[in-house]
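# Examination of the molecular architecture
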Amino acid sequence: MVSDNRTLVTEFIILGFPNAREVELLLFAAFFLMYVLTFTENVAIILVIGMDYRLHTPMYFFITNLSFLDIGYTTVTVPKMLANIAIQSQTISVTGCFTQLYIFFFLGSAECFLLTTMAYDRYLAICNPLHYTTIMDRRACLWLALGCWLGGFLAPALPTAFIFRLPFCGSNIINHFFCDSPPLLELSCQGVFEIEVINFVVGTTVLMSSFILTMISYMFIVATILHIPTAEGRSKAFSTCASHLTIVIIFYGTTMFMYIRTKTIQTFDFNKIVSVFYSVVTPVLNPVIYSLRNNDIKQGMRKVILKQK
């Protein structure tokens, strides 16, 4: 228990990237640019898919959901980080901190489930094309998307609730640029081993289950593509899932390194770099990967632009 002469923390200080003012301004410009690009690119994809009836298919429906997730994913962390750099106000209330923590992992978990659903969609389209439209109808798409959002909403509930109940009565400086669970646990004046185990189990379950199911889908996809007799047919089949596979590799590579590992690797400055990659850089890359490799979206964008003129 916490002794009575200790004062409980009522707010946290997010350390961010403590550097010279000139370096901070460069970081502000870089993060601001990436946030604007992320927001603009994903809104453009949502509008193009919504306005072009040819893109009203399951694959593009899930891409729309991915765009909404990426917008939320960056919005929950980057604006606060930019404000901290701009006005040099690094404080955040305890409630605000845990709200940010929960929403961040809610959206991250939902993205894991959505990437798995998108892999399943590509599996059906390539491995079972004759029954694809029957299986993946509008109702199935809605239920799958709802399941991703609901699963993401429920996944961080237990770990966040346990962390929220911890007493914080020493240092209130979070060595990160947002409220993440590892630096928060470091500040608790109570033993956190059980909570670390819960975090590890939940994180491993969400990441590994979705990653394994995604890889199983791609094993069947690759096996099917290799049996296509013509090189043109193999190339066309692979191009329908290459963008998604690229995003899967980038997203899971960084998140697994961050959340599925032993505590011995605990260099917070390095953690910040990894966190920047999956929380800021990856969302700005996702729409670029889809739009540059996807002729349907590029044609849809041209169609929308010409219509506006």
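It should be emphasised that the depicted structure is a prediction, and the values quoted were computed from it without experimental measurement. (Residues numbered from 1 in each chain as written. Predicted model: local features only at pLDDT ≥ 70, side-chain atom pairs only at ≥ 80, totals over all residues. Heavy atoms only, no water.)

Under the UniProt annotation, the feature "transmembrane region" (unreviewed entry) is placed at residues 25-48, 60-81, 101-120, 141-164, 200-226, 238-260 and 272-292. Secondary structure across residues 60-81 divides into 91% helix and 0% strand, with the first and last C-alpha atoms of the span separated by 31 Å. The distance separating the terminal C-alpha atoms of residues 101-120 is 29 Å; by composition the span is 100% helix and 0% strand. (UniProt positions renumbered as here; feature names shortened; annotations may be inferred. Helix = DSSP H or I, 4+ residues; strand = E, 2+ residues; numbered from the N terminus.)

All right, on to the nonpolar core then. Of all hydrophobic cores here, the largest spans 72 residues; its most connected members are Phe12, Phe168 and Leu184. With 15 residues, helix H4 (residues 94-127) is the largest single contributor of residues to this core. Those residues in contact with phenylalanine 12 that lie beyond four places of it in its chain are Gln90, Thr91, Ile92, Val94, Cys97, Phe98, Phe168, Asn172, Ile174, Leu184 and Leu187. Ile126, Ile225, Ala237 and Cys241 belong to the second largest nonpolar core, which has seven residues in total. (Core = buried A, V, L, I, M, F, W, Y, C linked by side-chain atoms within 4.5 Å. Buried < 20%, exposed > 50% of the residue type's maximum accessible area, 1.4 Å probe, protein only. Contact = heavy atoms within 4.5 Å.)

Okay, the state of the cysteines next. Across all of its chains, the model carries one disulfide by this definition. The disulfide that involves cysteine 97 links it to cysteine 179, with 2.1 Å between the sulfurs. As the torsion about the S-S bond is roughly -125 degrees, the cysteine 97-cysteine 179 disulfide counts as left-handed. Here cysteine 179 lies in the loop between strand E3 (173-174) and helix H8 (181-186) and cysteine 97 lies in helix H4, a separation of 82 residues in the sequence. For the pair cysteine 97 and cysteine 179, one class covers both residues: buried. (Disulfide = S-S within 2.5 Å.)

Before going further, it helps to spend a moment on the packing of aromatic side chains. Per the counting criterion, the structure on display carries 19 aromatic pairs. Aromatic rings pair up to connect Tyr73, Phe104, Phe105, Phe177, Phe178 and Tyr278 into one cluster. (Phe/Tyr/Trp six-rings, centres within 6.5 Å; stacked < 30°, edge-to-face > 60°.)

Turning next to the confidence of the model for the protein. Averaged over the protein, the pLDDT score is 84; the fraction of residues at 70 or greater is 91%. The weakest mean pLDDT in the protein belongs to helix H12 (residues 295-308) at 72; the strongest belongs to helix H6 (residues 138-154) at 96. In this model residues 1-6 is a low-confidence stretch, pLDDT under 50, and it forms five contacts with partners more than four residues away in sequence or in other chains. (pLDDT = per-residue confidence, 0-100.)

Running from amino to carboxyl end, helix H2 (residues 58-75) crosses H6 at an angle of 25 degrees, the nearest separation of the two axes being 11 Å. Taken together, H2 and H6 sit at an angle that is classed as roughly parallel. You can see that H2 and H6 cross each other, and the crossing is right-handed. Residues Pro58, Phe61, Phe62, Asn65, Phe68 and Leu69 of H2 form the contact with H6, whose own contacting residues are Cys141, Leu142, Leu144, Ala145 and Trp149. Here the residues of the contact of H2 with H6 sort into 10 nonpolar, one polar and no charged. (Axes fitted to C-alpha atoms, helices over the stretch in contact; angles between N-to-C directions. Parallel < 35°, antiparallel > 145°, perpendicular 65-115°, else oblique. Left-handed = near helix turned anticlockwise from the far one by under 90°. Nonpolar A, V, L, I, M, F, W, Y, C, P; charged D, E, K, R; others polar.)

Turning our attention to the packing of H2 against H4. At a closest axis distance of 10 Å, the pairing of H2 and H4 adopts a crossing angle of 165 degrees. When the axes of H2 and H4 are compared, the pair comes out roughly antiparallel. The interaxial crossing formed by H2 with H4 has left-handed handedness. Taken together, the residues of H4 that come into contact with H2 (itself represented by Pro58, Met59, Phe62, Ile63, Asn65, Leu66, Leu69, Asp70, Gly72 and Tyr73) are Phe104, Leu107, Gly108, Ala110, Glu111, Leu114, Thr117, Met118, Asp121 and Arg122. Classifying every residue of the contact of H2 with H4 by side-chain character gives 12 nonpolar, four polar and four charged.

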